[in-house]
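Each chain, letter by letter, is given below.
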Amino acid sequence: MSKQAKVIEIEEVAIRFSGDSGDGMQLAGTLFSDTSALYGNDVSTFPDYPAEVRAPQGTIGGVSGFQVHFGHTQINTPGDYCDVLVAMNPAALKANIRWVKPDGIIIYDADQFDAKNIEKAGYKGDPFLEEDVTGIQVISAPISNLTKESLKDIGLDQKSILRCKNMFALGIVSWLYDRPLEHAVSFFNKKFATKPLLVEANTKVLYDGYYYAETIEAFTSNFKVKPAEIEKGTYRSINGNAAVAWGMMAAAEKADLQLFCGSYPITPATGILEELAARKDLRVKTFQAEDEIAGICTAIGASFAGSLAVTTTSGPGLALKGEAIGLAVMTELPLVIVDVQRGGPSTGLPTKTEQSDLMQALYGRNGESPVVVMAASTPSNCFDYAYMACKIAIEHMTPVILLTDGFLANGTEPWRIPDLNDFPDIKVPRVAPDTQNWQPYARDPETLVRTWAIPGTHGMEHRLGSLEKMNITGTVSYVPENHELMSHIRENKVQKVARDIPPLEIVGDEDADLLIIGWGGTYGHLVTALIEVRREGHKVALTQFNYIYPLPTNTREILGRFKKLLVCEINLGQFANYLRMQHPEYPYRKFNKIMGLPFTVKDLKEAILRNLED
Amino acid sequence: MQQLKPEDFKSDQMVRWCAGCGDHAILSSVLKALPQIGYKHEDVVFVSGIGCSSRFPYYVNTYGFHGIHGRAMAVASGVKTSNPNLCVWIITGDGDGLAIGGNHFIHLVRRDIDVNLILFNNRIYGLTKGQYSPTSKQGSVTKTSPYGTIEQPFKPGGITIGANGTFFARTIDSTPKISTEILLEAAKHKGTSITEVLQNCVIYNDQTFGDITDRDNRDDRIIMLKHGEPMIFGKNQDKGLLMKDNELHVVHLGENGISEKDLLVHDAHTEFAGIHLLLANMDYPKYPVALGVIRACEAPKSYDVKMEEQIEVIHEKSKIHTIHDLMYSGSTWEVK
Ligand SMILES: Cc1ncc(C[n+]2csc(CCOP(=O)(O)OP(=O)(O)O)c2C)c(N)n1
Ligand code: SF4
Ligand SMILES: [Mg+2]
């Protein structure tokens, strides 16, 4: 710790590391966030990278960012605005300065702010004259040159040396927030186990950055963020995609079924397939198909053959899977379809987040084709909802669409490792082996669920298919009355899932006038806005939907308790329209953003205050 | 195991193909082959797409799955990968397998999943009542080509071999005994087997193969290929195939001093695809049309087997065997 600098204790901090996509900002950010989590803070992070793998160096299009929000209190979002922006070049400054708090700090690599880079970023002259930085503490640090100086005798080429500059930046920020460096060092040791020179170089630069910050007079103080009050347990850091994959593996283990994933890579969903592909040790079978249609069709085949079958995709892929989802509806086979939503339509904004696939999930198929639709709401509860999606699919012999989004998929947070014993059992509706005269479409009268007979089982040979089925026997039927009956049965079967889902809950003031309504991945921002607005003395409540079709059974009752209903979502109002359809008796107000970005708490607070008033 | 008979595989469903449709004969060839394949009844699965031909699974009383148009190959890939112990058959049409499902077809073949595909090639869309298909001859007059088609047809053998296929055979609906023999070979093959059946659609494309199937001339217009035997054909067994200047030639035995020893001997097992491609693509009138097992080369391990093996190896090596192990692996920390 510095001799002169004073230490100030603060509640929470958001730091944004930004630079060229080759500058290693994701790594610097991840190391910082893991260190903070290990230290005992609550943490939430969000990466923001360009769609192009290597956009031209130094341009806005090539800027890669990583925001870490950590605190002594509960942290529900990666933070809208940051306290510190690390800008490794002028483009990073230009792309991110709008996210710096009015009293924030900018640390930039002075060596990269040369005429060429300034021009590439689209500035005419000195960026700090062109941008309004009033109130912001701007710290110029010759990061590139100091990195070179630090490693001049180490015996690495220039390129490899400069690659270490992200660690110099990390060192600076680590001092500023009083973070230990051990975690980063042990990471180097693991990562570069066979390249001791790189371990040495990265470690040295990290420490030199740390001491540089301590020595320069620029920082008058450094800050301490005490550990948060967190529930006891063993923790790890997890993002939404990994959590989805793990939740499905947990369900397979609990149900004692083989997990099969048929999928086709697509941002931002690919991480799920990658995670599952790595888990051969858990006997997961992954099939990287030739397209999304084959992805879901292999999964349907696997489901017919008795696996817990899943397919993972994003909006454009869901569009391709539509017809096959109908096949799973008709054949009444268990299937989980994960849609990690991104900006649309068409290819849209592949790396950005959005909630605009809701209607597609609910209705984007030919015929009356009901499926269960649900949505996870935090990176770590992707685990729980993936587990529940599998449970519902199996127990109700139905396709289930699980919606997450780009924000949840890539956002990370600490996760208290759950005990699988605390998760509900999964009862597989297999045909009892001694069943006589089994009928494929005979149903449980209560749940309307048929039973599952698996190829290889003697005496249960049967044919399923996409043509309309005769109730009970499951043979092909064109009988008009039967089609009507089956249409109702399929609908009612999904409706009956409502009995197995938890009631909707309210956070905040039960006696408020205004109920904020959210669904899926916006929970962290909505609850943060709620907390802040209440702290300012207002009464307000929030409810977040995770089950969308069917809706929780107390939905109507909850909605009826409040005078004003404000539906907030990242689209043009799909959930508001859906609620209007389901419960037309209530008036709905809407707050929508559709910029490919999560909500900001600031915007939400303004919207809430506005709606409280009128 | 008790010996099963063809009737044991017949379902109680009424067969709904038109009278005279080639599909009936293919069904009976399959029913004859099934008891000889050696799988238990409950371990056999038929998967199809959509089309007249794709109704097939309803007529066999094993497990069956009648999917959606073009996707039988993908559904079957999932069935077999999920449970490699099953004996999986794909039933598809020229439209189902080569138009809407063309992409799945080539990828199935490329992966070499151990399934057996029967391609009912009637060169027409039967179920939708007579539009041209990807195998319709150029110039075909159909409901959607009243002035004749202007597109080149696909040759299923060429596609299969082009996609690195390890097994391709051809038969005709009207030669059910040959069909049964070929299907038994197909079933034995470890890898994807493609069997093209030239099938007559009496309603929308009657006699499309008439020039090679008519009783009087067919022996002169088709050649039955048998592994290890010289390529001889003709009513009088007096014609043969030989290779000269990188091209196949039809020759007459006894003419120009040509004798049996000059003829090509069929080697279905060679890896070399060039000759198989030439044989598979032969078309009347320049050549006889080849029937039989044209290519059946020693397949490397099939996809489904390799997947299981990889899982075993990794499972053995890894310390992670439950989700609990996984969740506690890597970087974790304790909050007390
Ligand atoms: C997605 C979709 N597109 C189109 C169709 C209409 N359709 C059904 S079968 C078929 C073609 C069938 O031809 P083929 O595969 O050759 O089978 P065949 O009837 O000749 O045996 C078409 C176009 C469909 N069922 N689904
Ligand atoms: S339309 Fe043609 S292919 Fe279809 S059943 Fe009739 S004859 Fe057979
Ligand atoms: Mg056809």
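Placed above this text is the structure.
Residues numbered from 1 in each chain as written. Chains lettered and ligands numbered in written order. Predicted model: local features only at pLDDT ≥ 70, side-chain atom pairs only at ≥ 80, totals over all residues. Heavy atoms only, no water.

> I would appreciate a short explanation of the interface of chain A and chain B in the present structure.
Counting residues at the interface gives 69 residues for chain A, matched by 59 residues for chain B. Between chain A and chain B, roughly 5,300 Å² of surface is buried when both sides are summed, and carbon and sulfur atoms account for 63% of that area. Counting the surface chain A buries against chain B, the share from its top three residues, A:Lys285, A:Glu290 and A:Arg463, is 13%. Across the chain A-chain B interface, the total number found is 34 residue pairs in polar contact (both at pLDDT 80 or more). Of all the secondary structure elements, the ones that give two or more residues to the side of chain A that touches chain B are helix 1 (25-39), strand 9 (233-239), helix 10 (240-255), strand 11 (285-288), helix 12 (292-304), helix 13 (315-331), strand 16 (412-416) and strand 17 (463-465) of chain A. Residue contributions to the side of chain A that touches chain B peak at eight residues, all from helix 12 of chain A. With three bridges joining them, strand 9 of chain A and strand 12 (residues 333-335) of chain B adopt antiparallel strand pairing. Paired with A:Tyr235 across the strands is B:Trp333, a residue of strand 12 of chain B. (Contact = heavy atoms within 4.5 Å. Buried area = accessible area lost by both parts, 1.4 Å probe. Polar contact = N/O pair within 3.5 Å; in protein donor to acceptor, adjacent residues only side chain to side chain. Helix = DSSP H or I, 4+ residues; strand = E, 2+ residues; numbered from the N terminus. Pairing = 2+ DSSP bridges.)

> I keep staring at the sheet that holds strand 8 (residues 232-233) of chain B and nothing clicks. Help me out?
Strand-to-strand pairing in sheets goes through backbone hydrogen bonds, with the strands running parallel or antiparallel. Residues and elements named next belong to chain B. The three strands lie next to each other as 8-9-10, forming an open sheet whose pairing is antiparallel. Bordering the open sheet on either side are strand 8 and strand 10 (247-252), each of which pairs with just one other strand. As judged from the two bridges shared by strand 8 and strand 9 (residues 239-244), these two strands associate in the antiparallel manner. Bridge pairing in strand 9 places phenylalanine 233 opposite lysine 239.

> How do you make sense of the coordination of the magnesium ion (ligand 3) when you look at a structure like this?
Around a metal, the perfect tetrahedron of four donors has angles of 109.5 degrees, and the perfect octahedron of six donors has angles of 90 or 180 degrees. All names here are of chain B. Looking at the metal site, the magnesium ion (ligand 3) is ligated by Asp94 (OD), Asn122 (OD1) and Ile124 (O), spaced 2.1 to 2.2 Å from it. Motif for the magnesium ion (ligand 3), donor spacing along one chain: D-x27-N-x1-I. One end of the pair, aspartate 94, is in helix 3 (residues 94-100); the other, isoleucine 124, is in the loop between strand 4 (116-121) and helix 5 (156-162), with 30 residues separating them in the sequence. Here aspartate 94 falls in the buried class, since its relative accessible area comes to 2%. Judged by its relative accessible area of 2%, isoleucine 124 falls in the buried class. (Donors = N, O, S within 2.8 Å, 3.2 Å for Na, K, Ca; no water. Buried < 20%, exposed > 50% of the residue type's maximum accessible area, 1.4 Å probe, protein only.)

> I tried to follow the environment of B:Asp216 on my own but got confused; where do I start?
Residues and elements named next belong to chain B. Within the secondary structure, aspartate 216 sits in the loop between helix 7 (210-213) and helix 8 (218-221). Classification of aspartate 216 as exposed rests on a relative accessible area of 57%. C-alpha of aspartate 216 to C-alpha of lysine 235: the two residues are 19 residues apart in sequence and 9.0 Å apart in space.

> How should I be thinking about the site of ligand 1 in this particular structure?
The full set close to ligand 1 counts 17 residues, and B:Cys52, B:Ser53, B:Asp94, B:Gly95 and B:Asp96 are the nearest of them. Residues close to ligand 1 are split across chains A and B. Within the backbone of B:Asp96, an N or O atom sits 2.6 Å from an oxygen atom of ligand 1. Note that an oxygen atom of ligand 1 is positioned 3.0 Å from one of the backbone N or O atoms of B:Gly126. Summarising the interface, the protein chains cover 77% of the accessible area of ligand 1, which totals 590 Å² for the free molecule. No other element matches helix 3 of chain B, which puts four residues into the shell around ligand 1. Considered class by class, the residues forming the shell around ligand 1 number six nonpolar, eight polar and three charged. (Near = heavy atom within 4 Å. Areas by Shrake-Rupley, 256 points an atom, 1.4 Å probe, with all protein chains shown as cover. Nonpolar A, V, L, I, M, F, W, Y, C, P; charged D, E, K, R; others polar.)

> What is the right way to look at the packing of helix 12 of chain A against helix 13 of chain A in this model?
Each pair of packed helices can be described by the angle between their axes along with the distance between the axes. All names here are of chain A. Interaxial distance between helix 12 and helix 13 falls to 8 Å at its minimum, and their mutual angle equals 30°. Classified by the interaxial angle, the pair formed by helix 12 and helix 13 is roughly parallel. For helix 12 against helix 13, the interelement crossing comes out right-handed. Taken together, the residues of helix 13 that come into contact with helix 12 (itself represented by Glu292, Ile293, Gly295, Ile296, Cys297 and Ile300) are Gly317, Leu320, Lys321, Ala324, Ile325, Leu327 and Ala328. Taken together, the residues of the contact of helix 12 with helix 13 sort by class into nine nonpolar, two polar and two charged. (Axes fitted to C-alpha atoms, helices over the stretch in contact; angles between N-to-C directions. Parallel < 35°, antiparallel > 145°, perpendicular 65-115°, else oblique. Left-handed = near helix turned anticlockwise from the far one by under 90°.)

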